[in-house]
Every structure is written in structure tokens, then in C-alpha cells.
Amino acid sequence: MSRHARLAVLVFAWCLLVAVAPALAQELRLDWMKRVGSTGYDGVYAIVTGPSGEIFVGGIFEGSFSVDGVTVTGVSGQDGYLMKLRPDGGVEWGVSFAGPQNVYATDVAVDDLGRPCVTVVLRGSIDADPGPGTSTLTSAGDGDGALICLDAAGVLRWARRIGGGSFDVFDGVAIGPGREVVLTARIKGTATFGPEGQTVLSASSSGLDDIVIVELDESGNLLWHRTFGGGAWDTSFGIAADA
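Scoring rules and cut-offs
Residues numbered from 1 in each chain as written. Predicted model: local features only at pLDDT ≥ 70, side-chain atom pairs only at ≥ 80, totals over all residues. Heavy atoms only, no water. Pairing = 2+ DSSP bridges. Helix = DSSP H or I, 4+ residues; strand = E, 2+ residues; numbered from the N terminus. Axes fitted to C-alpha atoms, helices over the stretch in contact; angles between N-to-C directions. 1 Å grid on protein atoms, 1.4 Å probe; cavity = no way out; pocket = protein on both sides within 12 Å on 5 of 7 lines; lining within 4 Å. Points joined across faces, edges and corners; volume = space filled by probe spheres on them. Nonpolar A, V, L, I, M, F, W, Y, C, P; charged D, E, K, R; others polar.

Undergrad: Explanation requested: the sheet that holds strand E12 (residues 181-187) in the structure shown.
TA: Two modes of strand pairing occur in sheets, parallel and antiparallel, and in both the strands are linked by backbone hydrogen bonds. Pairing within the open sheet is antiparallel, and its 4 strands lie in the order E11-E12-E15-E16. Each edge of the sheet is formed by a strand with only one pairing partner; in this case those strands are strand E11 (169-175) and strand E16 (222-228). Looking at each pair of strands side by side, their axes are set apart by 15 degrees on average, direction ignored. Judged from the 7 bridges that link them, E12 and strand E15 (residues 210-216) form a sheet pairing that is antiparallel. Considered in E15, the bridge of Val182 is made with Glu215.

Shown next as C-alpha cells:
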């Protein structure tokens, strides 16, 4: 390439940078920022946007924390939370999922009506109802997975549990266009799934951890499930539903 050609390329690149830089700067503009946390260990493990631009955030916290006048309170140790924020960053509501042992939210999905479903790791027992009612879920072993589905105002719709004698948890949740809920879980040994005190399905691993895919309708009724795995360690890290 001649000296004049190299100069032309450099001039073009500079002009392109000058033209694109303002657009990039505009795209990266900070709209708002929130700090969520208590005096203990806090973390965000899941975030998703809803159909009207609302934002759902889930994770773990210790003690209690307040944001925009909304206070979320735990029971003891580390507990799980889910918060709903408006598009402008204002907090609309926040709820906790707490028990005597550590609990934390791992993933969240939202349907076209703005109703979230959150997966939670539980040990011991938790109250899945963030309101005045009670909906107890109890782990059968080292740790179980819970699926808790709320309405757009944060009121409990229904809850389900998966687990057995080992550490069996949900690794991801998604909601499809028909409001069906799809889940991926890992199990070791035999695990059961269903509402508290009920067994809707029972699945067993072939070796160490295996993968279970579950699809439910919008009311939490089982549509189908599949189990995948061999003699070694098999797991999943997320799931998606098509449009």
C-alpha cells in the first residue's frame, strides 16, 4: 500500500471515529443508579426486564435493607429477595424469601403481564408467600430448589419445589409466549417435584448430577419433563423459551 493510500485510510478511520463517537457516548449515558444492600453480605444473582420496561432484581442479603422507602427484611443468616423497579429506577416493591437457614434467589423470568417467577435455593423451610398468608416449602435434603411465581404487585400466585436427599436445585427459568414456564434443574439420586406435600413427578439421575427439564402451564400444572445425563457430572447453566 502506497503512502498516499495509507494516509487516506487513516483519514477515513479518523472521520469514522469522529462521526460514531457521539452516538456511542449517547448510548452509554448513565440514566440512573441504585445501591441495594444491608450491613452484611449482599449480592445480585438475577435481573430481567418486563414488558413495560420494569426491572426485576433478585439475589441474596443479610438482615434488612431499604431503598426508596421500601424495606426488605430477612429472618436469620442470608435470605433471598426480589425487587421490582420502575423504568426510571424507582422501587415499586420488594419481598424476601427467608427461613432459619440460608436462602437465595438464583434466576427470574417475567411474562407478558409483568408477572415474575423466581427460582430460589432453600435449606430447611421457607415461607414462599411474601404477603400475610403462609405457603411453606421444605427441603428434603442438603438443598432444594423452589419456584415462586408472583403477580405484578408481588402477591403469591403459586409455588413449587424440587428435591431429594442431595443438593437438587433449579439452574434457570424462562417463560414462553403462551405463559408456559420452563425450568432446568440438576438432581442427584431421586428427586420429586410438585407443590408442598405432593409429588407430581419423580426423576432419578444415572450417575452423579443429571439435568431435568420441566415445562409447566401458567397455573403451575406439569405439561412434560425430560431427564438427561450419564454416569458422570452433568449440569445446565440456564434455559430460554422461544418467542
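Undergrad: Would you explain empty space enclosed by the protein in this entry?
TA: A probe as big as a water molecule, rolled over the atoms, marks out the empty space that is left. Inspection of the entire model under this criterion finds 1 cavity of 30 Å³ or more. In this structure, the largest cavity spans a volume of roughly 30 Å³. If you trace the largest cavity, you find it lined by Asp111, Arg115, Cys117, Arg157, Ile175, Arg179, Val181 and Glu218. Tallied by class, residues from the lining of the largest cavity come to 3 nonpolar, no polar and 5 charged.

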